[in-house]
Amino acid sequence: MSQTAPELIASNKCFDGWLKRYKHRSTATGTEMIFAIYLPPQAQTQPVPVLYWLSGLTCTDENFMQKAGAQRIAAELGIAIVAPDTSPRGTDLPGEHDSYDFGSGAGFYVNATQAPWAAHYQMYDYVTAELPALIEQHFPVTDKRAISGHSMGGHGALMCALKNPGRYASVSAFAPISNPSHCPWGEKALSGYLGEDRDSWKAWDSCELIASATEKLPILVDQGEADDFLAEQLKPEALQAACDAAGHPLELRLQPGYDHSYFFIASFIEDHLRHHARALKA
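Residues numbered from 1 in each chain as written. Predicted model: local features only at pLDDT ≥ 70, side-chain atom pairs only at ≥ 80, totals over all residues. Heavy atoms only, no water.

1. Thoughts on the layout of surface pockets
At step 1: Of the volumes computed, that of the largest pocket is approximately 220 Å³.
At step 2: In this structure, the largest pocket is lined by 13 residues; those nearest its centre are L57, T58, C59, H150 and H260.
At step 3: Here the lining of the largest pocket is built from residues that sort into 6 nonpolar, 6 polar and 1 charged.
At step 4: Elements with a contribution of two residues or more to the lining of the second largest pocket: β2 (17-25) and α3 (123-138). (1 Å grid on protein atoms, 1.4 Å probe; cavity = no way out; pocket = protein on both sides within 12 Å on 5 of 7 lines; lining within 4 Å. Points joined across faces, edges and corners; volume = space filled by probe spheres on them. Nonpolar A, V, L, I, M, F, W, Y, C, P; charged D, E, K, R; others polar. Helix = DSSP H or I, 4+ residues; strand = E, 2+ residues; numbered from the N terminus.)

2. Brief notes about the pairing of strand β1 (residues 7-14)
At step 1: Here β1 runs beside β2; their pairing, made up of 7 bridges, is antiparallel. Paired with K13 across the strands is W18, a residue of β2.
At step 2: The turn linking β1 back onto β2 is made up of 2 residues, and F15 within it adopts a positive phi angle of 50°. (Pairing = 2+ DSSP bridges.)

3. Digging into the packing of aromatic side chains
At step 1: This structure, assessed with the given rule, holds 16 aromatic pairs.
At step 2: Three or more aromatic residues joined by ring pairs form one cluster here, namely W53, F64, F174, Y258, F264 and F268.
At step 3: The ring of Y124 carries the charged tip of K163 above its face, separated from the ring centre by 5.4 Å.
At step 4: The lysine or arginine in question, K163, covers the ring of W204, its NZ or CZ lying 4.3 Å from the ring centre. (Phe/Tyr/Trp six-rings, centres within 6.5 Å; stacked < 30°, edge-to-face > 60°. Lys NZ or Arg CZ within 6 Å of the ring centre and 35° of its normal.)

4. Section: the pattern of salt bridges
At step 1: Per the counting criterion, the structure on display carries 12 salt bridges.
At step 2: Two residues, R198 and E187, come together in a salt bridge whose shortest N-O distance is 3.3 Å. Here the residue R198 occupies a position in the loop between α5 (184-194) and α6 (206-210), and E187 occupies one in helix α5, the gap between them amounting to 11 residues.
At step 3: You can call E187 partly exposed: its relative accessible area is 29%.
At step 4: Taking the shortest distance from any N to any O, the salt bridge between D222 and R253 comes out at 2.8 Å. Taken together, the residues D222 in strand β8 (residues 219-224) and R253 in strand β9 (residues 250-255) connect sequence positions 31 residues apart.
At step 5: Using a relative accessible area of 0% as the deciding quantity, one classes D222 as buried. (Salt bridge = Lys/Arg side-chain N within 4 Å of Asp/Glu carboxyl O. Buried < 20%, exposed > 50% of the residue type's maximum accessible area, 1.4 Å probe, protein only.)

5. Considering unusual backbone geometry
At step 1: Of the consecutive residues A115 and P116, the connecting peptide bond is found in the cis state with omega at 0°.
At step 2: Phi is positive for D92, which is not a glycine, with a value near 50°.
At step 3: Note on placement: D92 falls in the loop between β5 (80-84) and α3.
At step 4: Residue class for D92 comes out exposed when judged on its relative accessible area of 54%.
At step 5: Notably, A175 is not glycine yet its phi reads approximately 45°, a positive angle.
At step 6: Among the residues examined, A175 registers a relative accessible area of 0% and is labelled buried.

Written as structure tokens, this is what we have:
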């Protein structure tokens, strides 16, 4: 379906490519959405593949682009990077702004089924279907896609890849919320967006999805061992166990001394970009 061209709101030259921010009206969320895109210098002469980056709680499209230091390697590799927002904005639903881990900035990349969230919080449809279609229609990119993310966005990246065999060439995550059905952040979000039937949560939980995955897309995960959220919220051991049980390829790298911040992401983003480049250019 043809979509109206997004409106440019900011543009900065970076490593001979361009970092740009756009806004557009989303059909999925029924709101105006903002996204950032880094177009490497190669995009000036030919279409390039795209890495979609999903950010974590409280973030916007800006955090990754400003803090991860990814543009230099993306420019070398000839990969575009697209960073959507983490939730709809401007809806002002009751309680939407009351806490950092639910509502505004915390869409969890699911399709909400519960009122009032279902009217706008359709972030899964937005990041897997509407936004890629918009990008591929209006920018010099191919239909070769990869996906990655951090924390809540790491959950989103793994879940989106597992639910869509063939849509992404590669997947990775930094400190993902690996088993959202069994951690406080996930239980709060999934019950709020999807209701109290825990069986309905399984469709959005990577550890549940791995068991029935028809595509064994290799997963790369980096996790800081000094992450304050490691034991209670992130549970990489659950992801490891699920992958072991299903024979799903997982490279889980526990990094001594690293925390949950973008200092951690910046330290290992090059490895992830090269992981994606190998798959995108295969």
